[in-house]
Amino acid sequence: MKFFFYLTLVLLLVPLQTTVLHHVSVWNIKPDLGLVTAVFIGLFAGEMEGLLLGLAIGWVLSLFSAGELWLSLLTYGGVGLLAGFLGRQVSQVTSISLGVGLLLVSVASGLLALANFKNIDMSQMWGIVESIVLPQACFDGAVGAGLYWLLSQRFDVTRLRTE
Amino acid sequence: MWMVNSRFSSGARRLAFACFALLVAVLFLLPGQIQGLLQYLDGPVGHVVRVPLEAVASIDSGIADRWQQYVALQGVREENQQLRKDIESLRGQNSQLRESAAATERLTALLQFKEQALPAMVAAQVIGRDATNRYRAIILNKGESDGIKPDMGVITPAGVVGRVVKTTGASSVVLLITDPNNAIAGLIQRTRDEGIVEGTQQGLAQLKYIPLLSTLRDGDRVVTSGLVGGFPRGLALGTITHIDKQEGALFQSAELMPEVDVGRVEEVLVIQASYGQSTKAMGGMDLPGKPAP
């Protein structure tokens, strides 16, 4: 059952991320739902599932992106694992702390991707950080915090995390 | 705030970290093998993912069509009047071009030039944009099973759109001309000076490595030079809008306004073989109609 839930989640992420989200983009920036999903799965289901689902998301999304496969695997897999680890260590996760965590993770993954860019100088690199990496990190953080807040209004998230 | 959760077994946690460490090691030590293994699986996975992707893309384009047909009709009357004026002016230009075409045909026949074959192309629909914000890329609904391979050029009748960088069985990713990671060999049509067209961070393009002695000016058109694979010579890339000539620099560079509005492109043509190869590779492929003179 869980497997089919995860499969549906990964299959739905692709059209959402590639087709639907650019309609709600702000200044041509759309949130990275793959990253947010990996964090949520890691947080609620633990390190192993966070890692495996993160890897699956990274692989499938990389098929529909010009980016490198290894970077995608490392980023999403690593984020799922990290979220699972931190989720088990922190007793009180709030929407604010989750949003800030996602923002930091998104900045780190953006900078890692940027380091892999070829033929760009420092001024261009800084321009990309300002115009893409930071706004996207804010967007990711806001979406993650918003989703967590919605979940916390509907369910007992602390219980969900410890079940 | 911090606590140690004993419920979750530390063995499973160690296993997760070990798996990740192993993955990192394998990715760095055996990148080619991992890439090859995953590429082998890309085809079937691409076909599975294509189903929801195309379903959502068709719903999306249906909604966009309805919006354009019924809701976003403000200012259509003014646009219509402007278009009528444009038609009048284009009719005049068309007549002149017919004359030029006829003259060219006569001269070509006179010089006994062998007529160039049109490149083999396949039409494809844009079904999405890059999954991340870091690349300017579009996703096409055709892939390896339709004969599309990486490095093939992608165009519209207006000009160059970009280059295929990744394919699955049923889809392909095209890096747009406006992406800073893309580089296409270009030629200034008037002066015949060559350079490299790269995307800019602002979503435009720039022509780099233009010889210092080039007499280029604003408004000059830049076309593909045909030197590097993917594109035949003479496809429109853009128009020069600003020239950057710095003192002491070895080359000039120029900003370009791309000929194709890549943000709105919906259908494209993928060049499967260039002029020279097209006659060998044309079997079973869609060919566009030859444009009327």
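Residues numbered from 1 in each chain as written. Chains lettered and ligands numbered in written order. Predicted model: local features only at pLDDT ≥ 70, side-chain atom pairs only at ≥ 80, totals over all residues. Heavy atoms only, no water.

Participant: Before we move on, could you go through the overall build of chain A and cite the residues and values that matter?
Facilitator: Check the secondary structure of chain A and you find seven helices and zero strands. Seen in sequence order, chain A has helices and strands lined up from the N terminus as α-α-α-α-α-α-α. A globule of 163 residues ought to have a C-alpha radius of gyration of about 15 Å, and chain A, at 15 Å, matches this closely. In terms of overall dimensions, chain A has C-alpha extents of about 50 × 30 × 30 Å along its principal axes. A buried classification covers 56% of the 163 residues belonging to chain A. For chain A, the proportion of contacts with a sequence separation of at least 24, taken over those separated by at least 6, is 73%. Averaged over its 7 positive side-chain charges, chain A has a centre that lies 10 Å from the centre of its 9 negative ones. (Helix = DSSP H or I, 4+ residues; strand = E, 2+ residues; numbered from the N terminus. Rg over C-alpha atoms; globule rule 2.2 N^0.38 Å. Buried < 20%, exposed > 50% of the residue type's maximum accessible area, 1.4 Å probe, protein only. Contact = heavy atoms within 4.5 Å. Lys, Arg positive; Asp, Glu negative; His and termini not counted. Charge placed at Lys NZ, Arg CZ, Asp CG, Glu CD.)

Participant: Summarise the environment of B:Pro232; cite the residues concerned and give the values.
Facilitator: Position of B:Pro232 relative to the elements: it lies in the loop between strand S9 (221–224) and strand S10 (236–244). Along the primary structure B:Pro232 and B:Ser89 are separated by 143 residues, whereas in three dimensions their C-alpha atoms are 30 Å apart.

Participant: Summarise the side chain of B:Glu198; cite the residues concerned and give the values.
Facilitator: Residue and element names in this part refer to chain B. Looking at the secondary structure, you find Glu-198 in strand S7 (residues 194–199). Residue classification places Glu-198 among the buried positions, given a relative accessible area of 7%. Looking at Glu-198, its side chain comes within polar contact range of the side chain of Lys-208, at 3.1 Å. Glu-198 has contacts with Ile-177, Asn-182, Ala-183, Ala-205, Gln-206 and Lys-208, leaving out every residue within four places of it along the chain. (Polar contact = N/O pair within 3.5 Å; in protein donor to acceptor, adjacent residues only side chain to side chain.)

Participant: Quick one: what's the story with the sheet that holds S7(B), residue by residue and with numbers?
Facilitator: All names here are of chain B. Taken in spatial order, the six strands line up as S6-S7-S8-S11-S10-S9 and close into a barrel, and their pairing is antiparallel. On average, adjacent strands in this sheet sit at an angle of 40° to one another, irrespective of strand direction. One ladder, built from four bridges, connects S7 with strand S8 (residues 205–211); its direction is antiparallel. Across the sheet, the residue bridging to Glu-198 is Gln-206, located in S8. (Pairing = 2+ DSSP bridges. Axes fitted to C-alpha atoms, helices over the stretch in contact; angles between N-to-C directions.)

Participant: Give a detailed account of the nonpolar core, specifying residues and quantitative values.
Facilitator: Membership of the largest hydrophobic core comes to 51 residues, with the highest contact counts inside it found for A:Val14, A:Ile57, A:Trp59, A:Phe64, A:Leu73, A:Leu98 and A:Tyr148. Broken down by secondary-structure element, the contributors of at least two residues to this core are helix H1 (2–20), helix H2 (33–45), helix H3 (47–62), helix H4 (69–89) and helix H5 (95–115) of chain A together with helix H1 (10–29) and helix H2 (31–71) of chain B. Ranked by residues supplied to this core, first place goes to H2(A) with 10 residues. With residues near it in sequence (within four places) discarded, A:Val14 still touches A:Thr19, A:Val60, A:Leu61, A:Phe64, B:Val49 and B:Leu53. Counting residues in each nonpolar core, the second largest holds 36 residues, with B:Ile138, B:Val164, B:Ile240 and B:Val260 among its members. (Core = buried A, V, L, I, M, F, W, Y, C linked by side-chain atoms within 4.5 Å.)

Participant: Which residues make up the sheet that holds strand S5 (residues 172–176) of chain B, and what values go with them?
Facilitator: Residue and element names in this part refer to chain B. Pairing is antiparallel around the closed barrel formed by six strands, whose spatial order is S1-S2-S5-S4-S3-S12. Taken over all neighbouring pairs, the strand axes of this sheet differ in orientation by 45° on average, direction set aside. In this structure, strand S3 (residues 153–156) lies alongside strand S12 (residues 267–273), joined through three bridges in antiparallel fashion. In the sheet register, Val-154 faces S12, and the bridge partner there is Val-270.

Participant: Any details on the pairing of S3(B)? Residues and values, ideally.
Facilitator: All names here are of chain B. Covered by surrounding structure in S3 are Gly-153 and Ile-155 together with Val-154 and Thr-156, the residues of both alternating faces. Relative to strand S4 (residues 159–167), S3 runs antiparallel, the two being bridged by four bridges. Of the residues in S4, the one forming a bridge with Thr-156 is Gly-159. Where S3 folds back on S4, the antiparallel hairpin that results is connected by two residues.

Participant: Describe the interface of chain A and chain B, and please don't skip the residues or the numbers.
Facilitator: Accessible area lost upon the coming together of the parts is a frequently used measure of interface size. At the junction of the two partners, chain A supplies 53 residues and chain B supplies 49 residues. Taken together, the two surfaces of chain A and chain B that pack against each other cover about 5,000 Å², and 66% of this comes from carbon and sulfur. Interface area lost by chain A to chain B is led by A:Leu63, A:Phe64 and A:Arg88, which between them contribute 13%. Counting across the interface, chain A meets chain B through 14 residue pairs in polar contact (both at pLDDT 80 or more). Broken down by secondary-structure element, the contributors of at least two residues to the side of chain A that touches chain B are H1, H3, H4, H5, helix H6 (122–154) and helix H7 (157–162) of chain A. Examining the composition of the side of chain A that touches chain B, we find that 10 residues originate from one element, H4(A), more than from any other. Class assignment for the residues of the side of chain A that touches chain B results in 26 nonpolar, 21 polar and six charged. (Buried area = accessible area lost by both parts, 1.4 Å probe. Nonpolar A, V, L, I, M, F, W, Y, C, P; charged D, E, K, R; others polar.)

Participant: Describe the pattern of salt bridges, and please don't skip the residues or the numbers.
Facilitator: Residue and element names in this part refer to chain B. The full count for this structure, using the stated rule, is five salt bridges over all chains. Here Asp-220 and Arg-190 are joined by a salt bridge, their closest N and O atoms 2.9 Å apart. Placement of the pair is Asp-220 in the loop between S8 and S9 and Arg-190 in the loop between strand S6 (183–188) and S7, with a sequence separation of 30 residues. With a relative accessible area of 6%, Asp-220 lands in the buried category. (Salt bridge = Lys/Arg side-chain N within 4 Å of Asp/Glu carboxyl O.)

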